Each structure stands twice: as structure tokens, then as C-alpha cells.
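Chain by chain, the residues:
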Amino acid sequence: MAGTIRKEILKVVLRETNEKEEKKKEAEAPSKLDTSNSTGGFVAVSTDIMKYTSVYPDKPELNVILADEPAPWKNLLYYFEIYVKDADFKGKIAIGFTLALFLMNIEPWWEDLIAGHESSHGVLYSGDEDTGSTFLSGDVIGAGINYSTNEFFFCKNGELVHSVPNNLSNRGLYPTIAVLSQHEEMHVNFGQKPFAFNLKDFEARERRKQQQKIEEISLSPQVTYSLIRSYLLHSGYEDTFNSFDVVPSSPITDEQTNTLNHRSTLRQLIMNGNVDGAFAKVHEWYPQIVEVGSQLCIYLLHYYGCYKFELIFKLAYEMPLEVLANAVNAFVLSTDPHMEEAKDCLHSPLERLLKQLTACKRYEGEDFLVEKEFSKRD
Amino acid sequence: MSLFLLEIRQLAEIEAMAASKKLITREEWEKKLSDVKIRKEDMNKLVMNFLVTEGYVEAAEKFRMESGTEPDIDLATITDRMAVKKAVQSGNVEDAIEKVNDLNPEILDTNPQLFFHLQQQRLIELIRNGKVEEALEFAQEELAPRGEENQSFLEELERTVALLAFEDVSNCPVGELLDISQRLKTASEVNAAILTSQSHEKDPKLPSLLKMLLCAQNQLDEKAAYPRVNDLSTATLEDPAV
């Protein structure tokens, strides 16, 4: 059993070293409206100025144009604006987000944009008709996605005017402009110029709300206590463990107590630079580890990426003492029958939680580091 | 409200896939986890921060010796802080006030709310011990003047004095003031004030990181199905429900 776990430890370690995840190229952020991705009638005057002229001058029709790329979704917010240079006196403009392929199926009449109807394809906003607040020449209109609250939000002349739940996918949402008229001119801003809406303040407010949401989560003090306890036990900090563990939350077996004492001794020997003394103790206490065929030393190699056997023992003496101490600790833990999996030997629950937190944050596109948290004040 | 949502009748198959939640397999997620390196030094700092903030002075000293992690405040001050906390928790409020002033007289000078709450706790202890006359005199001389300056103090004083109107406190609507939890609340407030005066956070970092994890997982749930941790104590990864 223990031998299997040690082999598993090696596999995990070697995989950590060798298998670097393929970095998929992230899509670029939107930078311009794409006339090829539209229902026609749009002419790009420049990368940020778009004119629309109806092909049926006597009959207003719905026409739609999308940005060249979808909104990046690994952020807290995404936002873009248009400046309505000419709204046309009969005109109606809507702004929002749609999934790319809807253009294949769109029916060309404004009536098909059904007010308040749930849709799995997009959301467009054209102002509040009840108050007569539609979009006119000279207006700056903005549309955004708040990924933390899962909402679309809309702005007019720098003010937040409306928000609506986002029931769509967060991926593949293209900034979209729709017009129902004969002539329009608009300037689009994907962040190349300052926005009329104060996005920085809005983001700061959203982050504060997020922080408040975090603080409102209730967490039993027992959870923190047991994580500290298991970390001290896992790392072999025996004196701290005994001092901290005044009221043990779970019994420790004799086997665990033995390895705790041994691991504490081995860690101290190594950290004091007495590697020979530590290896002698490992031979004395855990001959089964050595018999597995220098796995301990192979385990250490992943820090250096060197696989020549004759260099193994030399490396053990040259590597950082902390690394060596952690490696020896993991292998001694593998002799404990209570350790069911390799990861239990390699990483304490505390470390696994911090890895999970970092992975979640990074997946969302946030550059999260535990060490940065120490520079923050509550 | 003119909110226009596009209704498209025929949904392309590929679009349906784009709109669905991304599935991240255990293998893919474990690769991501293996790319994350958590430094031992940072974990040790988190542990030391917890021991120091929560007042485990002996454990903090041992941890300093064993791990080489230096605490960010003088460990001797933890002993003093714990003595203050203990005094409040056992009802010796005068002793606690004296200890706080020995530690740093500015703490109570610059924090009138804390000082009022300590005096209020002192009044509660007098009432608990049946010293009715002494309690009334103390309320009039020490607390009433502060109540005149601050409406919320006055309301709290009135609630506290209401304890005297009931012989049987179990029927008293403000009986919870005599609970041990009230002592703990005051002790916690003093503890936080001392930590703040030492330029130290009043809460340990680890619980807020754990809350951050719960929040981050909830947020990621909206976008993807992935192996998540449901039991924080064991940190076991559970496969995504497909």
C-alpha cells in the first residue's frame, strides 16, 4: 500500500514538472465594428466611425452590426460606448450584446425585438420609452457586462440607466449595435479613448460589493482551527502542534504521533544543515523507503529537472534545505497507513485549498497570488 | 421600458454548445492545480498570522523556533492583550481598563465607544452581583454624562438600567446583556482595538481567504462545471456533476 502511494507521489511530482498546460491563445478584445459581420448597409468611415444608410429609403428596417471580437470574459467587467453623431429624425438605436451566429437567422424587422422577452441569443437596449428617454444625436450610449453579478448594464451620457440579468453564456458575446432608420452615424469606442462613464469608479464599487459579499459568508472558527492543526501535523512542526492542540479535535493514532516526532527531528536536522544525519535516521527508521529504490532522491529531482542517476545524491546536498525537508517529510508520511492518497503526503489540506483558490481566480483571469494578500490591509 | 431582446427561432447547434457551461475534467483541473505553486513561506506566514491574531502566544513562539517565521508584532504584547481579554471575559472590567491603559493610554482616549462599552460592561457586572445602589450611582456619575453627548450611548444605557427593573431577569426583554456572550462581545471589541493600535489587522488572514475561496467557487459555478472543494476541512476535490 505505502509503496503504491510512493510511486503515486512520484507520478504526481513528475507530472507537475513535465506537463505544462497548453496555453490557448486568448481571443483579442473587440477593437472595431465588423462590416462583414452585419446585415448590410453599414460603411466604415474609419476604424471608429460607422455610417448606416438604408437600402430601402422609404421603409425603415432593422439592421445589426457586431464587433470584430467577442467581449473578453475573464474580467470583472466589460464595457463599450458609442457616440451618436446623427440619430436620424425617424431613427431608433439599440446597443447591447448578441451571440455571434444569430445573424444567420435574424428576421429583418424591428418588431422581432420583443420587449421583455427572455432570449437565449442576446440583449439590446434602446432607452426608456416610458420617460421618452430614447437615444438622440449627441448622446453617448454605453453597454457593459458585469461578470461578478451576471448582469448586463447600460449607460447614457455617463450615467448608469439600466441593468438586466444575464442568462446567456459569458463566452462569445459580441458588442452589438442595431438601428431602425434610414441614416445613422456613430463613433464607437472600445476603450481606445476615455469613456464618458466612469468605469474605474464603477469597478471599485463592484469590488467593494464583492468584498462585502465575501465578508458576509459565515465560516465556523472550527474550520480554520482544524486547517491550522492539520498543517502543523502534516509539516512535522511537533512543538507548535502540541502547544496549539490544547483541545484535540480528533484523536491521533500512535502511528501518526510516531511519524510526527520523526518528521520533526528530520526537519530540524535538515534545516540545521545536517543532511547526512537526516539520511542516517531515514535509513534507521524507514528502511522500506530506501528499499523502494532511491525514490526519495528521484522525488527531489523535479526541482532541478535532472534525471542522471549518478547526480541524484549530489543534488540532495545542493538543493535548498526547505525543499529537501519537505520531500523527506512527504516520503515519511507515505509510510503512514492513514495516508490514503499521494496528494495527502505531498500537500496539506491548507495548501490544497490555497491551490484551489488560486486556480479559480486564475481561471477567471485574475492574477492572484497568496503573497499579495499580506500587503493588503483589512 | 423598451428593453429589446433578440428572439431567434432556429438555434445553430454550434451556438448551443457555446452557450452551455464549459466542462472541466478532473484531469484538466488537476493540471491547473499542479501549475499553482504555493510557497511554504507564505503558508507559514498565514499560520503565524493566525496564531498571533488569535493570541496563541506559546504556539507562536514555538512556531517561530520550528519554522523560522518571524511574527509581525512583538510576542510579548500578545500576552498583555490576552490578559486584557481574559479580564473582560471573567468580568473584571476595572482590571481590564487598567491593563489597557498600561498597554497604551491612547486606546481608550481615542475610542469613546470602546470606553463606553467597557463602562457599560462594568455596570452589567455590578447588576449581576446584585449591587443595586452602587450600580445606580455608577450609571449616574460615569455613564449618564456620556449618554447626554451621544444618543446611541443613551439608548444603550437605558437598556442596561432596565435590568434593575426586573427581579427575575429571565422575564427581562434585555436579559441577554447578562449572558456570557455580552462579555465575549466586549472582549472581542477590546482585542480588536488593541490590535489596531499595534498597526495589526484585527482579524486573521486565513478565514478571509477561505471565504474568498467559497465565493470564487460560487462565481466559477456560473461559468463552468469543474472539480470543486465542498469540505474545507479535508480539502477533497469532488468531480463536477455532468
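Residues numbered from 1 in each chain as written. Chains lettered and ligands numbered in written order. Predicted model: local features only at pLDDT ≥ 70, side-chain atom pairs only at ≥ 80, totals over all residues. Heavy atoms only, no water.

**Some thoughts on the overall build of chain B**
Counting its regular elements, chain B contains twelve helices and five strands. For chain B, buried positions account for 48% of its 242 residues. A fraction of 53% describes how many contacts in chain B between residues 6 or more apart in sequence connect residues 24 or more apart. (Helix = DSSP H or I, 4+ residues; strand = E, 2+ residues; numbered from the N terminus. Buried < 20%, exposed > 50% of the residue type's maximum accessible area, 1.4 Å probe, protein only. Contact = heavy atoms within 4.5 Å.)

**Examining the overall build of chain A**
Within chain A, the secondary structure is distributed over twelve helices and 13 strands. Going through the 378 residues of chain A one by one, you find that 53% of them count as buried. Considering only intrachain contacts with a sequence separation of at least 6, the fraction spanning at least 24 residues in chain A is 71%. Of the roughly 17500 Å² that chain A leaves accessible, carbon and sulfur atoms contribute 53%. (Areas by Shrake-Rupley, 256 points an atom, 1.4 Å probe, with all protein chains shown as cover.)

**Considering the pairing of strand β5 (residues 77-86) of chain A**
All names here are of chain A. Of all ten residues in β5, seven are buried, a share of seventy percent or more. Across seven bridges, the pairing between β5 and strand β9 (residues 140-146) is antiparallel. Residue pairing across strands places Y79 opposite G144, the latter belonging to β9. (Pairing = 2+ DSSP bridges.)

**Some thoughts on the packing of helix α5 (residues 75-89) of chain B against helix α6 (residues 93-103) of chain B**
Residue and element names in this part refer to chain B. At a minimum axis distance of 8 Å, the contact between α5 and α6 shows a crossing angle of 160°. Considering their axes alone, α5 and α6 lie roughly antiparallel with respect to each other. The chirality of how α5 crosses α6 is left-handed. Of the residues in α6, those in contact with D80, A83, V84, A87 and V88 of α5 are V93, D95, A96, K99, V100 and L103. Counted by class, the contact of α5 with α6 contains eight nonpolar, no polar and three charged residues. (Axes fitted to C-alpha atoms, helices over the stretch in contact; angles between N-to-C directions. Parallel < 35°, antiparallel > 145°, perpendicular 65-115°, else oblique. Left-handed = near helix turned anticlockwise from the far one by under 90°. Nonpolar A, V, L, I, M, F, W, Y, C, P; charged D, E, K, R; others polar.)

**A look at the packing of aromatic side chains**
Within this structure, the stated rule accounts for 17 aromatic pairs over all chains. Seen from their ring centres, Y79(A) and F153(A) are 5.8 Å apart, and the 5° between their planes marks the pair as stacked. On the criterion of sequence distance, the pair formed by Y79(A) in strand β5 and F153(A) in strand β10 (residues 151-156) is long-range, its members being 74 residues apart. The pair Y79(A) / F153(A) is uniform in exposure class, with both members buried. Ring geometry for F50(B) against Y56(B): centres 6.1 Å apart, planes inclined by 20°, an arrangement best described as stacked. Residue classification places F50(B) among the buried residues on the basis of a relative accessible area of 6%. Joined through ring pairs, the aromatic side chains of Y78(A), F80(A), F97(A), F152(A) and F190(A) make up one cluster. (Phe/Tyr/Trp six-rings, centres within 6.5 Å; stacked < 30°, edge-to-face > 60°.)

**Thoughts on helix α4 (residues 57-67) of chain B**
Each α-helix winds once per 3.6 residues, and so residues spaced three or four apart point in a common direction. Residue and element names in this part refer to chain B. Taken together, the buried positions of α4 are occupied by A59, A60, F63, E66 and S67. The buried residues of α4 occupy an angular sector of 130° when the element is viewed end-on, so they sit on one face. In α4, the exposed positions angled more than 90 degrees off the buried face are occupied by E58 and M65. (Arc of directions from axis to C-beta.)

**Comments concerning the nonpolar core**
Residues L232(A) and W29(B) are the most contacted members of the largest nonpolar core, which totals 56 residues. Going through the elements one at a time, α3 (221-235), α4 (238-244) and α12 (349-363) of chain A together with α2 (26-35), α3 (40-54), α4, α5 and α12 (205-221) of chain B are the ones with two or more residues in this core. Counting residues per element, this core draws most heavily on α12(B), which supplies eight residues. Not counting residues up to four positions away in its chain, the partners in contact with L232(A) are Y237(A), T240(A), F241(A), F244(A), L260(A), V47(B) and F63(B). Membership of the second largest hydrophobic core comes to 30 residues, among which are F80(A), F97(A), L99(A) and F152(A). (Core = buried A, V, L, I, M, F, W, Y, C linked by side-chain atoms within 4.5 Å.)

**Regarding the pattern of salt bridges**
Residues and elements named next belong to chain B. Under the criterion given, the structure shown has 14 salt bridges over all chains. With its nearest N and O atoms 3.2 Å apart, the salt bridge here joins R26 to E30. One end of the pair is R26 and the other is E30, both in helix α2 and four residues apart, which spans about a single turn. Relative accessible area serves as the criterion here: at 27%, R26 is assigned to the partly exposed category. (Salt bridge = Lys/Arg side-chain N within 4 Å of Asp/Glu carboxyl O.)

**Remarks on the confidence of the model for chain A**
Close inspection of predicted coordinates is inappropriate in any region flagged by low pLDDT. Residues and elements named next belong to chain A. Summarising the model, chain A shows a mean pLDDT of 70, and 56% of its residues fall at 70 or more. Taken together, the stretch residues 14-26 has pLDDT below 50 and engages in 17 contacts with residues farther than four places along the chain or on a different chain. Low pLDDT, under 50, characterises residues 104-119; the stretch is placed with 49 contacts to residues that sit more than four places away or in other chains. (pLDDT = per-residue confidence, 0-100.)

**Details of the side chain of E66(B)**
Mapped onto the secondary structure, E66(B) falls in helix α4. Of the side chains with opposite charge, R267(A) comes closest to the buried, unpaired E66(B), at an N-O distance of 7.9 Å. At 3.0 Å, the side chain of E66(B) and the backbone nitrogen of E238(A) are in polar contact. The contacts of E66(B), once residues within four sequence positions are left out, are G236(A), Y237(A), E238(A), D239(A), T240(A), S264(A) and Q268(A). (Lys, Arg positive; Asp, Glu negative; His and termini not counted. Polar contact = N/O pair within 3.5 Å; in protein donor to acceptor, adjacent residues only side chain to side chain.)

**Some thoughts on the packing of α5(B) against helix α11 (residues 180-197) of chain B**
Residue and element names in this part refer to chain B. Closest axis-to-axis distance for the α5/α11 pair is 8 Å, and the angle between their directions is 160°. Of the possible angle classes, the one that applies to α5 and α11 is roughly antiparallel. Regarding α5 and α11, the two cross each other, and that crossing is right-handed. Across the interface between the two elements, R81, M82, V84, K85, V88 and Q89 of α5 pack against R183, L184, T186, A187, V190, N191, I194 and L195 of α11. Of the residues in the contact of α5 with α11, the class split is eight nonpolar, three polar and three charged.

**Let's talk about unusual backbone geometry**
Notably, N157(A) is not glycine yet its phi reads approximately 50°, a positive angle. Looking at the secondary structure, you find N157(A) in the loop between β10 and β11 (159-165). For N157(A), a relative accessible area of 40% puts it in the partly exposed group. A positive phi is found at A235(B), a non-glycine position, where the angle reads about 55°. Within the element layout of this structure, A235(B) appears in the loop between β4 (228-229) and β5 (237-238).

**Details of the environment of E106(B)**
Tracing the sequence through the fold places E106(B) in helix α7 (residues 106-109). Sequence separation between E106(B) and S197(B) is 91 residues; the distance between their C-alpha atoms is 8.5 Å.

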